[in-house]
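The chain contents come next:
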Amino acid sequence: VDKEEAEAEELIPVPEPDISKIFQVAYRACAALDVELVDSAVVLTLQGDLEDEMDEDLDDFGEAGADEEFVKVITTFEDAGVEYLVTEPIEPVLIVAKPDPSKPPADGKDARERFVCLPEDEVDKVMPQVEEILETRFSLEDE
């Protein structure tokens with residue numbers, strides 16, 4: 001997210017073509033936190049454990065407006081004089097994807113596996129398994 005200052009701060013998503021230009025800098029900023037930034041099918045995602053430093057009760061945020069969403073700032077970095085934020089949505093986002101069969105696995109230091117979103121018929125088939133995994137995961141966290 002590109003942070004532009006105006007009367008009030010507004011977070012502006014980085015245009016898709018520009019993501020590849022800043023990805024390596026963002027990757028290093030995240031690596032400093034011991035998490036890996038991954039260029040996945042729909043959004044950039046973080047892999048690894050972030051310590052949850054959010055002490056505030058989420059209810060204190062109230063309701064987001066129709067065109068708003070609350071985010072947690074993970075880290076910031078600067079590239080070419082522009083400050084960027086890596087953020088996490090407060091509300092969970094579920095994206096079901098699979099490795100892209102049209103792209104062979106890449107080799108090399110900067111190789112990243114590519115993923116594609118499932119077509120709707122495949123989503124319908126796998127959602128019962130996804131829901132079971134999530135239920136198990138959340139029930140284990142509650143124990």
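The structure reproduced in this document is the subject of the present report. Note that the coordinates shown come from a computational prediction; the quantities given were computed from them, not determined experimentally. (Residues numbered from 1 in each chain as written. Predicted model: local features only at pLDDT ≥ 70, side-chain atom pairs only at ≥ 80, totals over all residues. Heavy atoms only, no water.)

Summing up its helical and strand segments, the chain has two helices and eight strands in all. Its helices and strands taken in sequence order, the chain reads β-β-α-β-β-β-β-β-β-α from the N to the C terminus. Counting the 143 residues in the chain, one finds 19% classified as buried. Long-range contacts, defined as pairs at least 24 residues apart, comprise 36% of the intrachain contacts of the chain with a sequence gap of at least 6. Of the roughly 11200 Å² that the chain leaves accessible, carbon and sulfur atoms contribute 48%. (Helix = DSSP H or I, 4+ residues; strand = E, 2+ residues; numbered from the N terminus. Buried < 20%, exposed > 50% of the residue type's maximum accessible area, 1.4 Å probe, protein only. Contact = heavy atoms within 4.5 Å. Areas by Shrake-Rupley, 256 points an atom, 1.4 Å probe, with all protein chains shown as cover.)

Before going further, it helps to spend a moment on the packing of aromatic side chains. The description of two aromatic rings rests on the distance between their centres and on the angle between their planes. Within this structure, the stated rule accounts for two aromatic pairs. For the ring pair Phe23 and Tyr27, a centre distance of 6.0 Å and an interplane angle of 40° mean the geometry is tilted. Taken as a pair, Phe23 and Tyr27 lie in helix α1 (residues 16-31) at a separation of four residues, close to a single helical turn. Taking the centre distance of 5.3 Å and the plane angle of 15° together, the rings of Phe77 and Tyr84 count as stacked. For Phe77, a relative accessible area of 9% translates into the label buried. The buried category is assigned to Tyr84, whose relative accessible area is 11%. (Phe/Tyr/Trp six-rings, centres within 6.5 Å; stacked < 30°, edge-to-face > 60°.)

One recurring pattern in soluble globular proteins is that nonpolar side chains are buried together. Counting 14 residues, the largest nonpolar core has Val14, Ile22, Cys30, Leu37, Phe77, Tyr84 and Val86 as its most contacted members. When residues of this core are traced back to their parent elements, those giving at least two are α1, β5 (71-79) and β6 (82-89). Ranked by residues supplied to this core, first place goes to α1 with seven residues. (Core = buried A, V, L, I, M, F, W, Y, C linked by side-chain atoms within 4.5 Å.)

Bringing the side chain of Asp100 into the picture now. Tracing the backbone through its elements, the reader meets Asp100 in the loop between β7 (97-99) and β8 (115-117). Note on Asp100: relative accessible area 14%, which makes it buried. Residues within four places of Asp100 in sequence aside, it is in contact with Arg114, Phe115 and Val116.

With that out of the way, let us pick up the environment of Asp100. Remark: the alpha-carbon pair of Asp100 and Glu113, spanning 13 residues in sequence, is separated by 8.0 Å. For Asp100, the side chain forms a polar contact with the side chain of Ser102, separated by 2.7 Å. (Polar contact = N/O pair within 3.5 Å; in protein donor to acceptor, adjacent residues only side chain to side chain.)

So, about α1. The end-to-end C-alpha distance of α1, which contains 16 residues, comes to 22 Å, matching closely the 22 Å that a straight helix rising 1.5 Å per residue would cover. Approximately 55° is the largest bend angle found in α1, and it occurs at Ile22. Within α1 the residues assigned to the buried category are Ile19, Ile22, Phe23, Val25, Ala26, Ala29 and Cys30. Looking at the packing, one finds that the buried side of α1 touches β3 (36-39), β4 (44-47), β5 and β6. (Expected span 1.5 Å × (residues − 1). Bend = angle between axes of the 7 residues up to and from the residue.)

Positive phi, normally seen in glycine, also occurs at Asp34, with a value near 65°. Tracing the backbone shows Asp34 in the loop between α1 and β3. Taking the relative accessible area as the measure of exposure, Asp34 reaches 68% and is therefore exposed. Backbone geometry at Ala80 places phi at a positive 50°, although glycine is not the residue there. Inspection of the secondary structure puts Ala80 in the loop between β5 and β6.

Moving on: the pairing of β5. Across eight bridges, the pairing between β5 and β6 is antiparallel. Within β6, the residue paired with Lys72 across the bridge is Glu88. Between β5 and β6, which pair antiparallel in sequence order, lie two residues; one of them, Ala80, sits at a positive phi of approximately 50°. (Pairing = 2+ DSSP bridges.)

By themselves these figures say nothing about function.
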